[in-house]
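# Understanding the architecture of this molecule
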Amino acid sequence: MSLTPGGTTHRATLRWQTARVLAVRDETPRARTLRLALPAPRRHAAGQHYVVRLTAPDGYTASRSYSVATAPDDTGEIELTVEALEDGEVSGYLHEVVEPGDELEVRGPIGGFFAWTGDTPALLVGGGSGVVPLMSMLRQARREGAADLLRVVVSARSPADLYYAAELPGPQTTLVHTRVSPGPRPAGRLTTADLAPLVRGGEDVFVCGSPGFCDTVTDLLGELGVPVAAIRVERFGPSG
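Below, the structure is looked at part by part.

Calculation criteria
Within every chain, residues take consecutive numbers counted from 1 along the sequence as written. For a predicted model such as this one, the threshold for reporting local features is a pLDDT of at least 70, and the threshold for listing and counting side-chain atom pairs is 80 or more; totals across whole chains, interfaces and linings nevertheless cover every residue. To get the side-chain values, all heavy atoms of the structure are used, and hydrogens and water are removed first. Each reported salt bridge corresponds to a side-chain nitrogen of Lys or Arg within 4 Å of a carboxyl oxygen of Asp or Glu. Each helix is a run of H or I in the DSSP string that is no shorter than four residues. Each strand is a run of E no shorter than two, and both are numbered from the N terminus. Each residue is placed in one exposure class: buried if its accessible area under a 1.4 Å probe, protein chains only, is under 20% of its type's maximum, exposed if it is over 50%, and partly exposed if it falls in between. Two aromatic rings from Phe, Tyr or Trp, using only the six-membered ring of Trp, form a pair when their centres are within 6.5 Å; if the ring planes differ by under 30 degrees the pair is stacked, by over 60 it is edge-to-face, and anything between is tilted. Throughout this description, the term charge over a ring refers to an Arg CZ or Lys NZ atom that lies within 6 Å of the ring centre and within 35 degrees of the ring normal. Pairing between two strands is assigned when DSSP locates at least 2 bridges connecting them. Axes here refer to lines fitted to C-alpha atoms; in helices the fit is confined to the stretch in contact. Angles between the N-to-C directions go from 0 to 180 degrees. Here a polar contact means two N or O atoms within 3.5 Å. Within protein one must be a hydrogen donor candidate and the other an acceptor candidate, and residues neighboring in sequence count only if both atoms are side-chain atoms. Note on definitions: a residue-residue contact is assigned when non-hydrogen atoms from the two residues lie within 4.5 Å.

## Topic: the pattern of salt bridges
One pass over the full model with this rule turns up twelve salt bridges. Where E79 meets R35, a salt bridge forms, and the shortest distance between an N and an O atom there is 2.9 Å. You can see E79 sitting in strand 5 (residues 77–83) and its partner R35 sitting in strand 2 (residues 31–37), a full 44 residues away along the chain. Judged by its relative accessible area of 21%, R35 is partly exposed. A salt bridge links R139 to E167; the nearest nitrogen and oxygen atoms lie 2.7 Å apart.

This is the structure we're talking about:
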């Protein structure tokens, strides 16, 4: 186990290991999921991430963190969903070069603050690639018959930009499209009207997305009376 009962990261997760790429698939035109086999399996908690490190022939290294999309299990396999960033050193390589059978250096799982225990009510709010760690939580809840614990709101520009489009929809999820909407909700940014029916009171709230998205959602939750202490935020974006 790499996560202690208190939710802290075990020292073993800081060691690098070489994972084998089992499969790759496209989620959207700009998002790709990689399924990895770990030589030293370490059970993660929903919401944790791994660091991927690339090393060039001259010794130059670049590393980036990617959330685990799969539910916690003991298979020794994980999935990381990577958004292709403009001029992204690591994301570009993972999108354009990596194929099944390749090997990648990884370490993890890492992070305790944004990890869901799987047995408490939670509201999950994700924007764009911010849905990835929330998908791990939703998959765990559905697998364990605890989906009623979760309310999930996901914001995407259009249906074509929605990650996990075939799996995400369900009675626990609300989809908001900001640019192109399939209806009945018109396209537009997330509002208090979208969030208000889903706030039950007393639950933890996990917010993940770009810095601007996270700031907006945090403000909306504050308007709805959600205590700041109940909100956990993870911001995604290019390094530097």
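## Some points on the packing of aromatic side chains
Under the counting rule described, the total for this entry stands at two aromatic pairs. Seen from their ring centres, F114 and F206 are 5.3 Å apart, and the 90° between their planes marks the pair as edge-to-face. Here F206 lies in strand 10 (residues 204–209) and F114 lies in the loop between strand 6 (103–110) and strand 7 (122–127), a separation of 92 residues in the sequence. Comparing F114 with F206 shows no difference in burial state: the two are buried. For the pair Y163 and Y164, a centre-to-centre distance of 6.0 Å together with 80° between the ring planes defines the contact as edge-to-face. On the basis of relative accessibility, which here comes to 5%, the residue Y163 falls in the buried class. If you follow R53 out to its NZ or CZ, it ends over the ring of W16, 4.0 Å from the centre. The side chain of R139 reaches across the aromatic face of Y164, ending 5.0 Å from its centre.

## What to know about the sheet that holds strand 2
Ordered by their spatial adjacency, six strands build an open sheet running 4-3-6-1-2-5, and the pairing between neighbours is antiparallel. With one partner strand each, in any of the chains shown, strand 4 (61–67) and strand 5 form the two edges of the open sheet. Adjacent strand axes in the sheet meet at a mean angle of 40°, parallel and antiparallel pairs treated alike. Here strand 1 (residues 17–28) pairs with strand 6 via four bridges, running antiparallel.

## Quick look at the side chain of Q172
Position of Q172 relative to the elements: it lies in the loop between strand 8 (150–156) and strand 9 (173–177). Judged by its relative accessible area of 11%, Q172 is buried. Within the structure, Q172 has its side chain in polar contact with the side chain of R142 (distance 3.1 Å). Sequence-distant contacts of Q172, that is, excluding residues within four places in its chain, are made with L138, R142, A147, L150, R151 and V152.

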